[in-house]
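Understanding the architecture of this molecule
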Amino acid sequence: MARPTFLRSTLHALSWGAALALALPCAAAAVRTEHVEAELVAARTALVPGEPLTVALRLAIDKGWHTYWRNPGDSGLPTTLEWKLPGGVAAGPIEWPAPHLLPAGPLLNYGYENEVLHLVTLTTVPDFLSGREVKLAARADWLVCKETCIPEGADLTLTLPVANAADPDPRWGKPIAAAKAALPQPLAGWQAIADGHGATIALKLVPPAGAADPGEVRFFANVIDRIEPSAPQPLAREGNGYVLTLPVATTLNGAFGKLAGVVTAANGFGGDARAATIDVALNGTVTAAPRAGLPPPPTLNLAPAPASAEGLGLALAIVSALIGGILLNLMPCVFPVLSIKVLGFATHHDTKPTLHHEAIAFAGGVILTFVALGLLLSALRAAGEQLGWGFQLQSPSVVVALAILFFVLALNLSGVFEFGQLAPSSVAEWSSRNRMVDAFGSGVLAVVIASPCTAPFMGAALGFAMAGGIAMMLTVFVALGIGMALPYVLLAWFPNWRKRLPPPGPWLARFKQLLAFPLYATVIWLAWVLGAQRDNDAVLRLFAVLLGTGFALWAWRIVRGGGARPWGIAGFVALVGTVVVAWPLFTPDTEPARAANMTSPAAAGDWAPFTPARVADLTAAGRAVFIDFTAAWCVTCQVNKRLALNTDAVRADFAKRNVALVRADWTRRDPAITQALTALGRSGVPVYVLYRPGKAPLLLPEVLQQQTVLDALATL
Amino acid sequence: MRNSSFAVSFLAAALLAPAAAFAQSPGAAAPAFTLTDTAGNSVQLADYRGKYVVLEWTNPECPFVRKHYTSGNMQELQKEWGAREVVWLSINSTSTGSYEFKTPAQMAQWMQSQGAAQKATLIDGTSAAARSYAARATPHMFVIDPAGAVLYNGAIDDRRTSNPADAKVARNYVRAALTEAMAGKPVTVASTSPYGCSIKY
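Residues numbered from 1 in each chain as written. Chains lettered and ligands numbered in written order. Predicted model: local features only at pLDDT ≥ 70, side-chain atom pairs only at ≥ 80, totals over all residues. Heavy atoms only, no water.

Some points on the nonpolar core
All names here are of chain A. What counts, and what does not: The criterion is simple. A nonpolar core is a set of buried Ala, Val, Leu, Ile, Met, Phe, Trp, Tyr and Cys residues joined through side-chain atoms within 4.5 Å. Per-residue accessibility, obtained with a 1.4 Å probe over protein chains only, is compared with the maximum for each type, and a residue is labelled buried under 20%, exposed over 50%, and partly exposed between these values. For the purposes of this entry, the term helix denotes a DSSP run of H or I that reaches at least four residues, the term strand denotes a run of E that reaches at least two, and both are numbered from the N terminus. For this analysis, residues touch if any pair of their heavy atoms sits within 4.5 Å.
If you look at the biggest cluster of nonpolar residues, it comprises 75 residues, and the most contacted ones within it are F626, I627, F629 and F654. No other element matches helix α6 (residues 396-414), which puts 12 residues into this core. The residues touching F654, leaving out its near neighbours within four places in the chain, are W607, F626, L645, V659, L661, V709 and L713.

See the structure below:
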């Protein structure tokens, strides 16, 4: 306590008055660096001579980044504080909060994420007098890392009034008190004994009678070169206590006489404490552990998932394919075609046999196209290509072709031209044979545009198909085709169902025009896919091609309608120009595959790009891992991302449970991803899998809902 | 079927593990590797049997690596020991899946811009070489003797900072190890903790 003198009291009173008048009991400026907001904060509103004052270096770290503990682990640097204090004020060392484990591949670092308060106790001589204010200054330096590491630092100041009484700081009093209470303390009632032998130390922890199981226990040595940071620390129950086996550091230098550090327990040490300090003599002598290689990257440790190919019998695969095929009609990429087909039924009131034949021709188109795709896929796979369902869209040429196709269909629905106008009039004469061809063509078209989508139930069936021989593959593809065509066939056979469709009328033309818009939207989406696969130039080129195509079709209509010949020439020129502009889009992309993670949505936000080694390392480190197998061309994937994965609730739950997020972007061919999909018994995207420490991995359905993801996370 | 292949790979890993176990302690044989340099040539450690070899784990994105290049420290070491027939190999083990991955051309360009003078810059995009050496950080240095045994494993020097000014005043462990070894003396400090950025496995 201060010895009051008249002068000092007066000065204190003055300083108090000044401080209160300014309503600024302390003044500190937070410094914002690239990834951290740093400031000095104090637990109390004033410095009281003779009384210790807790201040803190507060680091608010950007999401996903971290700074380091006093022992940074395998790499990194501890945060440092260098005080510049007036005479009479002294700063103690940083009182470090318990560290967190920060895995980096097979390596392990120790540090902090989000916000951390580095507490420091300031002591002041009792007769300290330095005017009405004291300026506390410190240089803080820290290394902040995510993938990249950035050394940052700031010169910080905190100006406090000097007074003979102080109140808790309204903003920082409570957080600092809480941080102080959470500091690791010596274990009350526990006994700790450290016995060294060779390259390991047995740390025996004997709990007081009746203490609960501490759960997973981890020891963090206060200094480097004592305990190997990334090595596992097995815990065994032994007699009346627990034995934690600590591997001595490979870099051990000099004497190791004392085991000092922090020990954490997942379930706590009884009471609230989850972290405690250990500072015991080390019995025996130890030697540096031999330096060994790190564990090899496991050949993607994707343990068989519940719905793996083996688990699915042929009959079940066929049923799944049938249901998947039916549901394919409802997938976003198929819906416009479904509408066109339904429209066809609504407009033609024909005799039953004609309708039946047409439905069969449609089904034939669907099934044969599926079979052709299946044959092509199996031939390519036999040739050693790592491909799966949706492989067509991994080729930018196919994406361009589809974009042109959708655009032409959309122009047709908008009424820019009629297909009949393009064909010589003799062919355009509507005959029943042509109707068959048209229906067959619709079937082919339906499958072509359905190919980016994987419907629920389809994934498992296709995975099964890919794993089996060619006969099995074709069986599953035929089943898919039957499933997809089934609704139309049923509509043709049961005219009563058709009666529910409204009768034709002026609405029909409008409805047809309206349907052009989903198709235009599809073109936009395909352009975006092309952008992800190639670049901006390719997108511009595609738009130029669409412009030319649109003009050529419009000019052709004028000519067919008896317009002037120059229009025909103009249309022809546009067509030739279009072909010239389009040509490079159909040549193989000679540029080296761009590091997909640099540009694609895969790298966005908290999601790390997929590599088998990354997943293996994360699971080996005991992290829960959620993998989103996706592709820009997969509409279902985009819908799921928006409605389920990117919602606040799901993101918050991912963060709360410390789930590592990995995105496998299959927009372009990627053999590693294809292999991972095969290992999961799938052959297409979307696939969502949650790796749970100590439990079997969980495959989520292809159509995600927020609750599905939350339920899956609740099983962690 | 898949289970059996998992069992086989597990068994293989278990059998291979002891062979690699003592590989990087000073005195032990340095693990063999075959990597491709930035010019596309295949480089094996065994090619340089009979010479001292320095392995420098590097990553241009790492400020601790840049500390030793902007200060000129690393280039100076490369020239100093290159002149004495020491084979200096810089290895970038950043995984191809990492944001920091550099193509051979990018690595070659960066090294050229720094005036680096190593024998070769090697690309280890699967991080396999880093794993077999348990390389932790960039920079992480190894000195290998003409018989292929590890002489030194650890930090480049004793100033564990990212400040370029420290590079010149620090005690350089690589220089010390090579000087002692070439004078026929035992290496005094043969093992330290590397400091820097973690290798991007």
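With respect to the packing of helix α14 (residues 536-560) of chain A against helix α15 (residues 565-586) of chain A
Each pair of packed helices gets described by two things: the angle between the helix axes and the distance between those axes. Residue and element names in this part refer to chain A. Test applied: Axis lines are fitted to C-alpha atoms, over the contacting stretch for helices. Their N-to-C directions set the angle, which ranges from 0 to 180 degrees. We call two directions roughly parallel when the angle between them is under 35 degrees, roughly antiparallel when it is over 145, roughly perpendicular when it lies between 65 and 115, and oblique otherwise. Definitions for this section: a left-handed crossing has its near helix turned counterclockwise from the far helix by less than a right angle. A right-handed crossing has that turn clockwise. For this scheme, ten residues count as nonpolar: Ala, Val, Leu, Ile, Met, Phe, Trp, Tyr, Cys and Pro. Four count as charged, namely Asp, Glu, Lys and Arg, and the remainder, Gly too, count as polar.
Where α14 contacts α15, the two axes come as close as 8 Å, and the packing angle between them is 160 degrees. By the angle between their directions, the pair α14 and α15 is classed as roughly antiparallel. Note on packing geometry: the crossing formed by α14 with α15 is left-handed. Here the contact of α14 with α15 is composed, by residue class, of 18 nonpolar, 5 polar and 1 charged.

Examining the environment of G196 of chain B
Looking at the element boundaries, G196 of chain B is found in the loop between α7 (173-182) and β9 (197-198). Between the alpha carbons of G196 of chain B and T138 of chain B there is a distance of 5.4 Å; along the sequence they are 58 residues apart.

Considerations on the pairing of strand β16 (residues 217-221) of chain A
Residues and elements named next belong to chain A. Our working definition: By the convention used here, strands pair only if DSSP detects at least 2 bridges between them.
The element β16 is extensively covered by neighbouring structure, given that 5 of its 5 residues are classed as buried. Relative to strand β19 (residues 258-265), β16 is paired through 5 bridges, and the arrangement is antiparallel. Residue R218 lies in a different strand from β19, and its bridge partner there is T264.

Considering empty space enclosed by the protein
Inclusion rule: Grid spacing is 1 Å over the protein atoms alone, the probe is 1.4 Å, and a cavity is where that probe fits but cannot get out, while a pocket is an open set with protein on both sides within 12 Å along at least five of seven lines and lining residues have an atom within 4 Å of a point. Grid points are joined across faces, edges and corners, and a volume is the space filled by probe spheres set on the points.
Overall, the coordinates contain 6 cavities of 30 Å³ or more when judged by the stated rule. One number sums up the size of the largest cavity: a volume of about 100 Å³. Residue lining of the largest cavity: 18 residues in total, with G73, I224 and P229 of chain A together with R136 and S193 of chain B positioned closest to the centre. In terms of residue class, the lining of the largest cavity is built from 7 nonpolar, 7 polar and 4 charged.

What to know about the state of the cysteines
Residue and element names in this part refer to chain A. Short version of the rule: The disulfide criterion is simple: two cysteine sulfur atoms within 2.5 Å.
Summed over all chains, the structure comprises 2 disulfides over all chains. A sulfur-sulfur distance of 2.2 Å marks the disulfide that ties C145 to C149. In this structure the cystine formed by C145 and C149 twists about its S-S bond by roughly 110 degrees; its chirality is therefore right-handed. Overall, the relative accessible area of 3% leaves C149 in the buried class.

Focus on the sheet that holds strand β5 (residues 120-123) of chain B
All names here are of chain B. Pairing is mixed across the open sheet formed by 7 strands, whose spatial order is β2-β1-β5-β4-β3-β7-β8. Edge strands, defined here as strands with exactly one partner in the open sheet, are β2 (42-44) and β8 (150-154). Here the strands of the sheet are splayed against their neighbours by 30 degrees on average, with no regard to which way each runs. Across 4 bridges, the pairing between strand β4 (residues 87-92) and β5 is parallel. Within β5, the residue paired with I91 across the bridge is L122. Each of β3 (53-57), β4 and β7 (140-144) touches helix α3 (residues 73-82); the most contacted strand, β4, lies at about 145 degrees to it. Most of the contacts of helix α4 (residues 104-114) go to β5, to which it runs at about 150 degrees, and overall it touches β4 and β5.

A word on the packing of aromatic side chains
Residues and elements named next belong to chain A. Cut-off, in case you're wondering: In summary, the pairing rule links any two rings of Phe, Tyr or Trp, Trp by its six-membered ring, whose centres are within 6.5 Å, and it sorts them by plane angle into stacked for under 30 degrees, edge-to-face for over 60 and tilted for everything else. As a reminder, the over-ring test applies to NZ of lysine and CZ of arginine, requiring each to be within 6 Å of the ring centre and within 35 degrees of the ring normal.
For the structure shown, the criterion picks out 22 aromatic pairs over all chains. Here the aromatic residues W607, F626, F654 and Y688 are joined through ring pairs into a cluster of three or more. For R663, the ring lying beneath its charged end belongs to W607, and the centroid distance is 4.0 Å.

Structural notes on the side chain of T33 of chain A
You can see T33 of chain A is positioned in the loop between β2 (31-32) and β3 (36-42). In this view, T33 of chain A contacts W142, E152 and G153 of chain A; residues no more than four positions away in its chain are not counted.

Thoughts on α6 of chain A
All names here are of chain A. Applied cut-off: Take the number of residues in a helix, subtract one, and multiply by 1.5 Å to get its expected span.
Compared with an ideal rise of 1.5 Å per residue, which puts 19 residues at 27 Å, α6 spans 27 Å between its outermost C-alpha atoms and is within 8% of the ideal. α6 sits mainly inside the fold: 15 of its 19 residues count as buried. Among the residues trailing α6, G415 stands out with phi positive, at a value near 95 degrees.

Side note on the side chain of H35 of chain A
Within the fold, H35 of chain A resides in the loop between β2 and β3. Ignoring anything within four residues of it in the chain, the contact list for H35 of chain A reads A60, I61, D62, W65, V144, I150 and E152 of chain A.

Notes on the sheet that holds strand β22 (residues 625-630) of chain A
All names here are of chain A. Spatially, 5 strands are ordered β21-β23-β22-β24-β25 in an open sheet, and the strand pairing comes out mixed. Bordering the open sheet on either side are β21 (608-609) and β25 (698-700), each of which pairs with just one other strand. Here β21 pairs with strand β23 (residues 660-665) via 2 bridges, running parallel. Among the inter-strand pairings, A608 is bridged to a residue of β23, identified as V662. Most of the contacts of helix α17 (residues 612-620) go to β23, to which it runs at about 160 degrees, and overall it touches β21, β22, β23 and β24 (687-691). Relative to the sheet, helix α20 (residues 671-679) contacts β22, β23 and β24, its axis offset from that of β22 by approximately 115 degrees.

In short, shape yes, function no, at least from these values alone.
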